[in-house]
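# Overview (structure and organization)
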Amino acid sequence: MIGDPMDVERIRGVIAAQIVQDPGVDSTEPVSVNILVGSDGRYDCSIAYVDAQNATTQTIGFSS
C-alpha cells in the first residue's frame with residue numbers, strides 16, 4: 001500500500017480485517033469503518049466496534 005494511490009474501499013477492508021484480530025474486539029459483532037475524503041485530500045476515518053470484555057461500543061478516529 002505504501003506508494004500506491006489511496007483507495008477508500010481497500011483501506012476500509014484492511015482496517016476491518018485487522019481490527020477483528022484484536023482479542024479486545026468482539027469478532028461476533030460488526031465493525032463499522034467510515035472514511036471521508038475532504039476536498040483538500042485529507043482522509044478522516046472513524047471506527048466503531050464492540051469491546052469483547054464489557055460489550056460496549058468503542059470508537060477510534062484518525063486523520064491523514
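The pairing of strand β1 (residues 32-37) with strand β2 (residues 43-50) spans 6 bridges and is antiparallel. Paired with N34 across the strands is S46, a residue of β2. Between the end of β1 and the start of β2, which pair antiparallel, lie 5 residues, with G41 showing a positive phi angle near 90°.

Attention now goes to the pairing of strand β3 (residues 57-63). As paired strands, β2 and β3 are joined by 7 bridges and run antiparallel to one another. Pairing of C45 across the sheet is with F62, part of β3.

Right, let's get into the environment of A55. With respect to the helices and strands, the residue A55 is situated in the loop between β2 and β3. Put simply, A55 and L36 are 19 residues apart on the chain and 27 Å apart in space, counted from C-alpha to C-alpha.

As a further point, take the sheet that holds β1. Strand order in the open sheet formed by 3 strands is β1-β2-β3, with antiparallel pairing between adjacent strands. Two strands in the sheet have a free side with no partner beyond their single neighbour: β1 and β3. On average, each strand axis in the sheet is inclined to that of its neighbour by 10°, with strand direction left out of account. This element, helix α1 (residues 8-19), spans β1, β2 and β3 of the sheet and lies at about 150° to β1.

Conventions and cut-offs
- Residues numbered from 1 in each chain as written.
- Predicted model: local features only at pLDDT ≥ 70, side-chain atom pairs only at ≥ 80, totals over all residues.
- Heavy atoms only, no water.
- Pairing = 2+ DSSP bridges.
- Helix = DSSP H or I, 4+ residues; strand = E, 2+ residues; numbered from the N terminus.
- Axes fitted to C-alpha atoms, helices over the stretch in contact; angles between N-to-C directions.
- Contact = heavy atoms within 4.5 Å.

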